[in-house]
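Remarks on the overall topology
For reference, the chains in residue letters:
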Amino acid sequence: MSTHITRRSLLGAAAASLAAGCSSPATKEFVAPDDKEVADAEAARGTGTGSVRKARITATTTTLDLGGGRTVKSWAYGDRLPGQEVRVTAGDTLQLTLANHLPEPTSTHWHGLTLRNDMDGVPGLTQQPVKAGAEFTYRFALPHPGTYWFHPHSGVQQDRGLYAPLVVDDPKEPLRYDKEWVVVLDDWVDGVDGSTPDSVLNELRKGMASGGGHEGHSMPKAGAEGPSRMLMGARSELLGGDAGDVAHPHHLVNGRTAKAPSVFTAKPGDRIRLRLINAGGDTAFRVALGGHELTVTHTDGFPVEHATTDALLLGMGERYDVLVTAGDGVFPLAAAAEGKNATALAVLRTGGGSAPDASVRPKELSGRVLTAGRLRAAESVALPAKKPDRTVRVELTGGMAKYDWAFDGKPYAPERRLAVRAGERVRLVFANTTTMWHPVHLHGHTFALAAGRSGPRKDTAIVLPNQTLAVDFDADNPGLWMVHCHNVYHAEAGMMTVLGYQR
Ligand code: C2O
Ligand code: CU
């Protein structure tokens, strides 16, 4: 609890300095979100020359129907799950007003975008929190086509229903396909038997000593905050061991449980582009389409050399685009909660036949499973090989017992920064000293995996337990950028830090 209070007051101090329009002494040496360099970087990208696309989203309390008789009180963008997709064309400027009808402050972060730092949506770092009842208008240019998404960067709000796809069309789209299917994956706990993401975080923070915790399923426990959601003993070979911390009672594709899945209709022979997004809080998904091979064309918005597979693994925050040629009939799109003994479902229908059963497990799920390390960047986006000017090393630390997930043993403090300088080629090294996997995410940049060997361009990458992952990027977007684990519970426990551009 004491770390909780400390963190809150640190955020408060940072917010106060933002409000006063001045930076604390410790931050003077870094480019601030409202500095000229930030606008200059956006102008230098040569974008924002297209049209201005206006949109409005309302973060609100609502009742959601997840299907199969399950309705929940939750928080969402409008009255739907996922929120209404935002679609723009590369080169456009998005002008989007967020109206906050929630009972607490919120924010919206544009996951994966290279955008101007003051629009990145991190309260206490790049903007003030958007207070209950207030509005905030985001306005920024979108340079790169691809599959992105947005969610709050406030506490564990992302594990409610506050998420939606953001698709940036390519004005010169090189792929040929007949249909597009946006597929958003999620693990769900909010509003089920009194649980909220905040109550789950509280339970995790109290730790295993409190007697919570169970193997692979949830057990009722006395208390106003619902049953225990702590998960112990979820194992996955693909994830190198412990698969997750939270026993979410439901797993969803496009807001629906497997008992009442969403159905996508097409014609036999249609080429369909799937845009897969993992919006989960604590769950990696292994995805397969029964009876089909997947051709992977993009990850995290950026093209790759096409690769075929039976199934794909997505950590939280990751996206993959795949092409399929639809067969004739009814097919399960299955998203197995990796290591958690649950499967989410959607249906592709191109012909007659009965709907697949909620418990269906297409054999492709246990076929070839692709992870990002197997991919190569498409030539058009490969990061040119270059010796790094600077290597920044962070250790992933902490564990489930004390729930002290952190970088370098220190919980998040907005004024502590990993320093880089504009113009540098930076190598970011994530050394995972924990016994768990973490999907690490960098804001405002798209790094390259497998330095110097044409690794795929990504913004979120899985680091397996006791392994080290090195990624390279060009420091070409000045500002203060979050680096964090995209397990929302790990992030909120402290596994976040800031990458800052020194003047
Ligand atoms: Cu989905 Cu800090 O990001
Ligand atoms: Cu983590």
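Residues numbered from 1 in each chain as written. Chains lettered and ligands numbered in written order. Predicted model: local features only at pLDDT ≥ 70, side-chain atom pairs only at ≥ 80, totals over all residues. Heavy atoms only, no water.

If you tally the helices and strands in the chain, you get four helices and 35 strands. Radius of gyration (C-alpha) of the chain: 21 Å, near the 23 Å computed for a compact globule of 503 residues. For the C-alpha atoms alone, the extent of the chain along its principal axes is close to 65 × 55 × 45 Å. Across the 503 residues of the chain, 60% fall into the buried class. (Helix = DSSP H or I, 4+ residues; strand = E, 2+ residues; numbered from the N terminus. Rg over C-alpha atoms; globule rule 2.2 N^0.38 Å. Buried < 20%, exposed > 50% of the residue type's maximum accessible area, 1.4 Å probe, protein only.)

Looking at where T283 falls in the secondary structure, it is placed in the loop between β16 (271-278) and β17 (285-289). Since its relative accessible area comes to 0%, T283 is described here as buried. Reaching out from T283, the side chain makes a polar contact with the side chain of D187 at a distance of 2.6 Å. Of the polar contacts made by the side chain of T283, one reaches the side chain of K340; its length is 2.8 Å. Once residues lying within four places of it in the same chain are set aside, the contact partners of T283 are D187, H248, H251, N278, L314, M316, A337, E338 and K340. (Polar contact = N/O pair within 3.5 Å; in protein donor to acceptor, adjacent residues only side chain to side chain. Contact = heavy atoms within 4.5 Å.)

Turning next to the coordination of the copper ion (ligand 2). On the protein side, the copper ion (ligand 2) has H438 (ND1), C485 (SG) and H490 (ND1) as donor atoms, found 2.0 to 2.1 Å from it. Taken in chain order, the donor set of the copper ion (ligand 2) reads H-x46-C-x4-H. Separated by 47 residues along the polypeptide, H438 in strand β29 (residues 438-442) and C485 in strand β34 (residues 480-485) bring together distant segments of the chain. C485 sits in the buried class, given a relative accessible area of 0%. (Donors = N, O, S within 2.8 Å, 3.2 Å for Na, K, Ca; no water.)

The sheet contact formed by strand β1 (residues 52-67) and strand β2 (residues 70-77) spans eight bridges and is antiparallel. Bridge pairing links A59 to Y77 in β2. Following β1, the chain reverses through two residues before pairing antiparallel with β2; G68 in that reversal takes a positive phi of roughly 65°. (Pairing = 2+ DSSP bridges.)

The peptide bond linking L81 to P82 adopts the cis configuration, its omega dihedral lying at -15°. Within the secondary structure, P82 is located in the loop between β2 and β3 (86-89). Residues other than glycine seldom take positive phi values, yet D408 does so here, at roughly 55°. Secondary-structure assignment places D408 in the loop between β26 (406-407) and β27 (417-421).

Topologically, H292 is positioned in the loop between β17 and β18 (294-299). One polar contact links the side chain of H292 to the main-chain amide nitrogen of G327, over a distance of 2.8 Å. Once you skip the residues sitting within four places of it in the chain, H292 turns out to touch V324, T325, A326, G327, F331, L348 and E364.

Ranked by size, the top nonpolar core spans 117 residues in total, and within it W110 and Y489 carry the most contacts. A per-element tally of this core places strand β22 (residues 330-337) first, with six residues. Non-local contacts of W110, meaning those with residues more than four positions away in its chain, are made with L94, L96, L115, M119, D120, Y138, F140, W149, F150 and L166. Grouped together as the second largest cluster of nonpolar side chains are 15 residues, L66, V72, L81 and Y163 included. (Core = buried A, V, L, I, M, F, W, Y, C linked by side-chain atoms within 4.5 Å.)

A word on the pairing of strand β33 (residues 468-474). Sheet analysis places strand β28 (residues 425-432) next to β33, joined by seven bridges and oriented antiparallel. Bridge pairing in β33 links V429 to A470. In the sheet, strand β30 (residues 447-449) pairs with β33 via two bridges, with the strands oriented antiparallel. Bridge pairing in β33 places L449 opposite V471.

Moving on, we come to the sheet that holds β17. Strand order in the open sheet made by the six strands is β15-β23-β22-β17-β20-β24, with mixed pairing throughout. Looking along the sheet, the strands with just one partner apiece sit at the ends: β15 (263-265) and β24 (369-370). Of the pairings in the sheet, the one linking strand β20 (residues 311-314) to β24 comprises two bridges and is parallel in character. Each bridged residue has a counterpart across the sheet, and for A311 the counterpart in β24 is V369.

Considered domain by domain, the chain is made up of domain 1 (31-173), domain 2 (174-375) and domain 3 (380-502). Just the C-alpha atoms count here: the centres of domain 1 and domain 2 sit 23 Å apart. Of the roughly 2900 Å² buried between domain 1 and domain 2, counting both surfaces, carbon and sulfur atoms make up 52%. When residues of domain 1 are sorted by the area they lose upon contact with domain 2, T147, D159 and E173 head the list and together hold 26% of the total. Linking domain 1 with domain 2 are four salt bridges. Salt-bridge contacts for D198 lead to R160; the nearest nitrogen and oxygen are separated by 3.1 Å. (Domains from an automatic or database assignment. Buried area = accessible area lost by both parts, 1.4 Å probe. Salt bridge = Lys/Arg side-chain N within 4 Å of Asp/Glu carboxyl O.)

Moving on to the sheet that holds strand β5 (residues 109-111). Spatially, β3-β8-β7-β5 is the arrangement adopted by the four strands of the open sheet, whose pairing is mixed. Sheet topology places β3 and β5 at the edges, where each strand pairs with a single neighbour. Looking at each pair of strands side by side, their axes are set apart by 25° on average, direction ignored. Pairing between strand β7 (residues 146-151) and strand β8 (residues 164-169): five bridges, direction antiparallel. Paired with F150 across the two strands is A164, which belongs to β8. (Axes fitted to C-alpha atoms, helices over the stretch in contact; angles between N-to-C directions.)

Among the residues making up helix α2 (residues 36-44), those that are buried are V38, A41 and E42. Projected down its long axis, α2 shows its buried positions confined to an angular sector of 100°, all on one face. Residues of α2 that are exposed and point over 90 degrees away from its buried face: K36, A43 and A44. On its buried face, α2 is in contact with β6 (135-141). Two residues or fewer past α2, G46 is found with a positive phi of approximately 70°. (Arc of directions from axis to C-beta.)

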